[in-house]
Amino acid sequence: MIFKIKLLIAITFIFSVFAVLFAVNQDFTKVELNEKSSENFQVTSDKILNSKLQKALDKAVKQMKIPGAVMYISGQGEAWAGASGFSNLKSKTPMKPNDRLGLASTSKTFVAVAVLQLVEQGKLDLDKGISNYLPEKVSINIPYSNEITIRQLLNHTSGVVEYYDDKFHKLTYNRSRSQLWTATEAIELIYNRQPKAKPGEEYQYCDSNYILLEIIVEQTTGKPLAEIIREQILNPLGLKNTFTELREPNFKSNVTGYSEGNKDGILYSHKDLNEGNGLGDGGLIASASDTAKFLNALLAKKTLLSPEMLEEMLSSVPVEDDNDYGLGIGHFQTRFGKAIGHSGWSYGFVSLMLYFPDEDITAVVLVNKHQNVTQKILKRVLKIYLKG
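Procedures and definitions
- Residues numbered from 1 in each chain as written.
- Predicted model: local features only at pLDDT ≥ 70, side-chain atom pairs only at ≥ 80, totals over all residues.
- Heavy atoms only, no water.
- Helix = DSSP H or I, 4+ residues; strand = E, 2+ residues; numbered from the N terminus.
- Buried < 20%, exposed > 50% of the residue type's maximum accessible area, 1.4 Å probe, protein only.
- Contact = heavy atoms within 4.5 Å.
- Areas by Shrake-Rupley, 256 points an atom, 1.4 Å probe, with all protein chains shown as cover.
- Phe/Tyr/Trp six-rings, centres within 6.5 Å; stacked < 30°, edge-to-face > 60°.
- Lys NZ or Arg CZ within 6 Å of the ring centre and 35° of its normal.
- Core = buried A, V, L, I, M, F, W, Y, C linked by side-chain atoms within 4.5 Å.
- Salt bridge = Lys/Arg side-chain N within 4 Å of Asp/Glu carboxyl O.

Asks: Please give an account of the overall build of the protein chain that cites residues and values.
Replies: Scanning the protein chain for helices and strands turns up 12 helices and 16 strands. In the protein chain, which comprises 388 residues, the proportion classed as buried is 59%. Intrachain contacts of the protein chain at a sequence separation of at least 6 include 71% that bridge at least 24 residues. In the structure as shown, the protein chain presents an accessible area of about 15800 Å², 47% of it carried by carbon and sulfur atoms.

Asks: Can you explain the packing of aromatic side chains? Please cite residues and give values.
Replies: Applying the stated criterion to the full structure yields 8 aromatic pairs. When the centroid spacing of 6.3 Å and the interplanar angle of 90° are considered together, the rings of tyrosine 205 and tyrosine 325 count as edge-to-face. Of this pair, tyrosine 205 sits in the loop between α7 (183-187) and α8 (208-221) while tyrosine 325 sits in strand β12 (residues 323-325), and the two are 120 residues apart along the sequence. Over the aromatic face of tyrosine 210 sits the side chain of lysine 108, whose NZ or CZ is 5.6 Å from the ring centroid. Positioned above the aromatic ring of tryptophan 181, the side-chain terminus of arginine 175 is 3.9 Å from the ring centre.

Asks: How would you summarise the nonpolar core if you had to cite specific residues and measurements?
Replies: Counting 82 residues, the largest nonpolar core has Ile150, Leu154, Tyr163, Leu212, Phe294, Leu298 and Met313 as the members making the most contacts within it. Each residue touching phenylalanine 294, except ones within four places of it in the same chain, is listed here: Thr109, Phe110, Val113, Ile233, Leu237, Leu239, Leu304 and Met353. In terms of nonpolar packing, the next biggest core, distinct from the first, is built from 30 residues, Val61, Ile66, Val367 and Leu382 among them.

Asks: Can you break down the pattern of salt bridges residue by residue, with the values?
Replies: The final tally for this structure, using the stated rule, is 9 salt bridges. For aspartate 127, the salt bridge goes to arginine 151, with nearest N and O atoms at 2.8 Å. Separated by 24 residues along the polypeptide, aspartate 127 in the loop between α3 (107-120) and α4 (136-139) and arginine 151 in helix α5 (residues 150-154) bring together distant segments of the chain. Relative accessible area serves as the criterion here: at 47%, aspartate 127 is assigned to the partly exposed category. Arginine 151 gets classed as buried once you look at its relative accessible area, which sits at 18%. Notably, a salt bridge pairs glutamate 248 with arginine 230, separated by 2.4 Å at the nearest N-O pair.

Asks: An account of unusual backbone geometry is needed here, citing residue identities and associated values.
Replies: Backbone geometry places lysine 65, a non-glycine residue, at a positive phi of 55°. One can find lysine 65 in the loop between α2 (47-63) and β3 (68-75). Taking the relative accessible area as the measure of exposure, lysine 65 reaches 55% and is therefore exposed. In the Ramachandran plot, asparagine 192 falls in the positive-phi region, its phi being about 60° despite a non-glycine side chain. For asparagine 192, the location among the structural elements is in the loop between α7 and α8.

This is the structure:
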């Protein structure tokens, strides 16, 4: 109980967990925000606790005026999964605990693990210049490509500029979802643009890093990134509710992402937009339980990487406010311990996955609206979980 009290106090002080912010397109289909509906899936043996957790999630969804949310918390040999609100506002389809939502930049941790596995296999070297792995037609157009390393792509210290900007958004307006964005096509938008900094000088979060990693993986293996992630991570872990959007046509999601075009309370659907969905910087769709299982395998069971490579992954550079960023994963300091994980924000979805190593607790929150609410939801529900 002491560790629970400590973590509870810690949670009160933190949740300045970074969110990777993405611009929002305006050409959306209008839908109205309606009253919530909910369904929960109980895993803990305590029925009273299950009820309290579900009520807290329901209340958060209603008060924060979000379409829906799913959540998963595990620790001390038991777990809880819940869902609230709607997966689709137009059809008023209730959100279910195993529904699959966009992970956005939380996908970067999956990509980083796949890259580090290739390093373990001797196919990549963390500290060699990326010009050794990129196609020449790409390499010659990326300033400092002979100096930028795979490590610097993974921890956002490469200095490359952002492809995901206003120019990119304009190109997405009338693009069909059947016309997939390729990593090479996306990275062409930064060809010969002035770097933000020289390689290794400073941390600057940039999605272009993971687009370059996608190209490197595919150039090195001869396979799409989606196939590598499935072969090396999803299938071994038995993650049947996780897939790369648009790249794996046998997998579908019935959850629609939304955002507000203005302050009138009307939400706009991202369902038919093609905003680079499926690219290496944020392409995964997953359930909360699958996401938690992945993070738990990586950091608790430690089955995805060797001890030496996991240590490399967790080696970090300073970000701000005592938070650090490793190789595709963030460290968040609290008064009584630390949390490790990632957040994401794109395609009408926001996500947060965290592992608290001192207490062996894993928590995931997925929401189908562009709104900075995941930390608030987790704080509310986790308080109740810790009180028991």
